[in-house]
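A look at the structure
The chain contents come next:
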Amino acid sequence: MYSNRVLGVKNLSVCLRKMSTTCDLLEIFQKSVESVQPATLLENQISVTESHLVVRNEYHALGKRCHVIGFGKAVKDMALKMESILGEKMQRAVVTVPIGIFRERKPSTRIEFIEGAKNNLPDKLSMGGALRIKELVQTLAEDDMLIVLVSGGGSALLPLPIPPITLQEKHDLIKQLARKGATINELNSVRKRMSVLKGGGLAELAYPCKVVTLVLSDVIGDPLDFIASGPMVPNSDKPQLAIDILKKYELLDGISSSIQTVLYGKKDLLANVPIKEGQYAHVDNYIIGNNLMAATAASAAAISKGYQSKVVSTCIQGDVICIAKSYAMLTALLARRLAGDKNNTDLEKFLKDFENRHIILDGLKEEIMKLKDNLCLIFAGEPTVVVAGTGKGGRNQQLALNFAVELTEHDIPKSVKISFLSCGTDGIDGPTDAAGAISPTNIGSDWKKYAQECLDNNDAYRFFQKWDSGANLVKIGHTGTNVMDIHVLIVEHYQ
Ligand SMILES: Nc1ncnc2c1ncn2[C@@H]1O[C@H](COP(=O)(O)OP(=O)(O)OP(=O)(O)O)[C@@H](O)[C@H]1O
Ligand SMILES: O=C(O)[C@H](O)CO
């Protein structure tokens, strides 16, 4: 019933077209990932002189001893690059990275790499790493320098719950909150409240040592106090916020007494750590990469392949179901326009829909008005999924499949071909071995029914394993970087 590969000779050109667009989608995604490789980002922005670290054009004294710490999915290559830039000037380095990130043999290095946080959840290994980092930071003096490498996934790689909260309690609460569809900002507000090092804790421990923080952003808008739960910037959340978030997701009543003790108590901060312009005065923070860079590179790659292309938004957020509906509506609209229909009513409806969800669509209307060629639109951001089922998947696979189902609700002219890819730039979508997926096209009614069952059970991975024997799953392993998700939509018209 699920065989979708019945190809006659007359379908050969359709098949070749499918293959070439699939290649384009993959190459466009690959270019976006390449553009935010941490080693290149550092190489372009960091150098050292005899006595200073230079970040872009700003000089920071290296001090008597220079140490490096790091945590996140993308800090392996950041740390190795830092080691090669600093050479003997680097005294000691402790860095926590995801388990399995060293696919080949570990390179020869003086950096102490600690692997942990399976499935992006805090565990004993990552907590061991957090303790090593804490130990190192506690030895620092005023005339030292600390370089901190931060990237997404840093929260799970730097867990140190405030006693009496246990690691298991924290792990369980964050997992439940994530499954209920909490945003990353909500998750991290709760994490900051329960953690020794997050929400500025690490910066306070380092004081008065001078700190330079290099951050690869994986949060919309690059907010330093939310990326990896903001260990190097003051926590500006109201103390009540974490409690309100748990209430919102109906988790407050079930929390353990230790979590209650911490949430309703006061978080001890070191006194007298000076704050200047809302940031710790001894810390300089730099964003060295973000999803705008990745989206811009994707769009440039599409243009070089002959598409009309545009970065539409870098702040896609909200429930995957709503996003799939909006994308399908937009796609149908573009398809009809490419086929010659110039009616604008749907366009206004689509723009309103996004505006209502506070998503900025940069110049999309103008782009659509001048639409004449095959089009490749780039979206970036991080949607959420309410995981109510028991299946296997991730938000990108869920979105790619949901989009395919939604598209069947629209009339797409026969002369138009739609292709859509949704992938996480870190290469790992949820607890799966895929970065995401390419939407299946032309799903018939049996497949549509099966797709809906899989979506309802959050089992998109299983669907994709069956569809075309898994050909639509994008499997690239850990990419070494992490700037949220990229969505690539291609709409092509054939005469
Ligand atoms: N079966 C599933 N189907 C769909 N989505 C899922 C499923 N299981 C988990 N998820 C989603 O996957 C997300 C976690 O994925 P992942 O570990 O890739 O996080 P991430 O946001 O990329 O991590 P970070 O931001 O810390 O780098 C959660 O938002 C969760 O809702
Ligand atoms: O680690 C985290 O907290 C998320 O990836 C956001 O940075």
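Residues numbered from 1 in each chain as written. Chains lettered and ligands numbered in written order. Predicted model: local features only at pLDDT ≥ 70, side-chain atom pairs only at ≥ 80, totals over all residues. Heavy atoms only, no water.

Spelled out, the test is: UniProt positions are given in the numbering used here, feature names are shortened, and annotations may be inferred rather than shown by experiment.
Per an unreviewed UniProt entry, the recorded name for the protein chain is Glycerate kinase, and the organism is Acanthoscelides obtectus. For the protein chain, the Sequence similarities (unreviewed entry) comment in UniProt is given as "Belongs to the glycerate kinase type-2 family."

**Focus on the packing of aromatic side chains**
Short version of the rule: Here a pair means two rings of Phe, Tyr or Trp (six-membered ring of Trp) with centres within 6.5 Å. Their orientation is stacked below 30 degrees between planes, edge-to-face above 60, and tilted elsewhere. Counted as over-ring charges are cases with an Arg CZ or a Lys NZ within 6 Å of the ring centre that also lie within 35 degrees of the ring normal.
The final tally for this structure, using the stated rule, is 10 aromatic pairs. Chaining the aromatic ring pairs together yields one cluster made of W447, Y450, F463, F464 and W467. Positioned above the aromatic ring of F226, the side-chain terminus of K192 is 4.0 Å from the ring centre. Lying over the aromatic face of Y461, K392 brings its terminal NZ or CZ to 4.5 Å of the ring centre.

**Brief notes about the site of ligand 2**
Our working definition: A cutoff of 4 Å decides nearness: a residue is near a molecule or strand if any of its heavy atoms lies inside that distance of it. Counted as a polar contact is a pair of N or O atoms within 3.5 Å, where, for protein atoms, one must be capable of donating a hydrogen and the other of accepting one, and residues adjacent in sequence contribute only when both atoms are in side chains. Shrake-Rupley sampling with a 1.4 Å probe provides the accessible areas, and residues are treated as covered by the protein chains on show and by no other component. Amino acid classes used here: Ala, Val, Leu, Ile, Met, Phe, Trp, Tyr, Cys and Pro are nonpolar; Asp, Glu, Lys and Arg are charged; the rest, including Gly, are polar.
Surrounding ligand 2, one finds G152, G153, G154, S155, I184, N188, R191, D218, V219, I227, A228 and S229. A228 has a polar backbone atom sitting 2.8 Å from an oxygen atom of ligand 2. Here ligand 2, which alone exposes 230 Å², has 93% of that area covered by the protein. Its residues assigned to classes, the shell around ligand 2 comprises four nonpolar, six polar and two charged.

**Points about the packing of helix α6 (residues 184-194) against helix α8 (residues 241-248)**
Which entries qualify depends on this criterion: Axis definition: a line fitted to C-alpha atoms, limited for helices to the stretch in contact. Angles are taken between N-to-C directions and run from 0 to 180 degrees. Counting from the N terminus, the helices are the DSSP runs of H or I reaching at least four residues and the strands are the DSSP runs of E reaching at least two. For classification, angles of less than 35 degrees are called roughly parallel, those exceeding 145 degrees roughly antiparallel, those between 65 and 115 degrees roughly perpendicular, and all remaining angles oblique. Whether a crossing is left-handed or right-handed is set by the direction in which the near helix is turned from the far one by less than a right angle, anticlockwise for left-handed and clockwise for right-handed. Every residue pair with non-hydrogen atoms within 4.5 Å of one another is taken to be in contact.
Running from N to C, α6 and α8 cross one another at 130 degrees; their axes reach a closest spacing of 9 Å. What the angle tells us is that α6 and α8 run oblique. When you trace α6 past α8, the crossing you get is left-handed. On α8, the residues that touch E186, S189, V190 and R193 of α6 are L241, A242, I245, L246 and K248. By residue class, the composition of the contact of α6 with α8 is five nonpolar, one polar and three charged.

**What to know about the pairing of strand β3 (residues 58-61)**
Worth spelling out the cut-off: Only when DSSP finds a minimum of two bridges between them are two strands counted as paired.
Judged from the four bridges that link them, strand β2 (residues 52-55) and β3 form a sheet pairing that is antiparallel. Opposite V55, over in β3, you have E58 as the bridge partner. Hairpin connection, β2 to β3: the antiparallel pair is bridged by two residues, and R56 has positive phi, about 50 degrees.

**Thoughts on the pairing of strand β8 (residues 210-216)**
We count it as follows: A simple rule labels every residue: compare its accessible area, found with a 1.4 Å probe on the protein chains alone, to the largest value its type can have, and call it buried under 20%, exposed over 50%, or partly exposed in between.
Counting buried positions over the seven residues of β8 gives six, a clear majority of the element. Two strands pair when backbone bridges link them, and strand β7 (residues 145-151) and β8 are joined in this way by seven bridges, in the parallel orientation. Opposite L149, over in β8, you have L214 as the bridge partner. Across six bridges, β8 lies against strand β11 (residues 283-289) in parallel orientation. Its bridge partner being in β11, V211 is matched across the sheet by V283.

**Some remarks on the site of ligand 1**
In the neighbourhood of ligand 1, 21 residues make up the surrounding shell, with K73, N120, R395, N458 and N482 lying closest. Within the contact set of ligand 1, an oxygen atom lies 3.2 Å away from a side-chain nitrogen or oxygen of D218. Here R395 contributes a side-chain N or O atom positioned 2.9 Å from an oxygen atom of ligand 1. Coverage of ligand 1 by the protein amounts to 86% of the 650 Å² it exposes when considered alone. The class makeup of the residues in the shell around ligand 1 is five nonpolar, 10 polar and six charged.

**Some details on the UniProt feature "domain: MOFRL-associated" (unreviewed entry) in the protein chain**
Taken from the UniProt record, the annotation "domain: MOFRL-associated" (unreviewed entry) applies to residues 25-263. Across residues 25-263 one finds 38% helix and 19% strand; the C-alpha atoms that close the span lie 46 Å apart.

**Overview of the confidence of the model for the protein chain**
Heads up, the condition is: Confidence scores per residue from the predictor, reported as pLDDT, run from 0 to 100.
Counting all residues, the mean pLDDT for the protein chain is 91, and 94% of those residues have values of 70 or more. Considering only residues more than four positions removed or in separate chains, one finds that residues 1-10, a stretch of pLDDT under 50, has 12 contacts. Two summary scores accompany this predicted model of the complex, namely pTM at 0.89 and ipTM at 0.95.

**A look at helix α11 (residues 320-338)**
Rules: Expected helix span is given by 1.5 Å per residue-to-residue step, counting one fewer step than there are residues.
When the terminal C-alpha atoms of α11 are compared, their 26 Å separation across 19 residues agrees well with the 27 Å that a helix rising 1.5 Å per residue should span. With 14 of 19 residues buried, α11 is to be regarded as a mostly interior element. At the N-terminal boundary of α11, the capping side chain belongs to D319, with an oxygen 2.8 Å from the backbone nitrogen of I321. Directly beyond the C-terminal end of α11, a positive phi value near 115 degrees is found at G340.

**Re the UniProt feature "domain: MOFRL" (unreviewed entry) in the protein chain**
Those residues carrying the UniProt feature "domain: MOFRL" (unreviewed entry) are residues 376-485 in this numbering. What you have in residues 376-485 is 29% helix and 22% strand, and the ends, taken at the C-alpha atoms, are 16 Å apart.

**Focus: the domain arrangement of the protein chain**
To keep it simple, the criterion reads: Where each domain starts and ends follows an automatic or database-derived domain assignment. A quick way to say it: buried area is the sum, across both parts, of accessible area lost when two parts are put together, with a 1.4 Å probe. We count a salt bridge whenever a side-chain nitrogen from Lys or Arg sits within 4 Å of a carboxyl oxygen from Asp or Glu.
In terms of domain boundaries, the protein chain breaks down into domain 1 (2-36 + 292-493) and domain 2 (38-289). Centre-to-centre separation of domain 1 and domain 2, based on C-alpha positions: 33 Å. Summed over both partners, the interface of domain 1 with domain 2 comes to about 1800 Å²; 57% of that surface belongs to carbon and sulfur atoms. The tally of links between domain 1 and domain 2 comes to one salt bridge. Where domain 1 meets domain 2, there are four residue pairs in polar contact (both at pLDDT 80 or more). Counting residues per element, the ones that place at least two in the side of domain 1 that touches domain 2 are β12 (308-319) and β13 (375-384). In terms of residue count, β12 provides more of the side of domain 1 that touches domain 2 than any other element does, four residues in total.

**Examining helix α5 (residues 167-179)**
In this model, α5 (13 residues) spans 18 Å end to end at C-alpha, consistent with the 18 Å of a helix rising 1.5 Å per residue. For α5, every residue scored as buried is listed here: L167, K170, H171, L173, I174 and L177. Of the surrounding elements, those touching the buried residues of α5 are α4 (124-138), α6, α8 and α9 (257-264). Looking one or two places after α5, you find G181, whose phi comes out positive at around 90 degrees.

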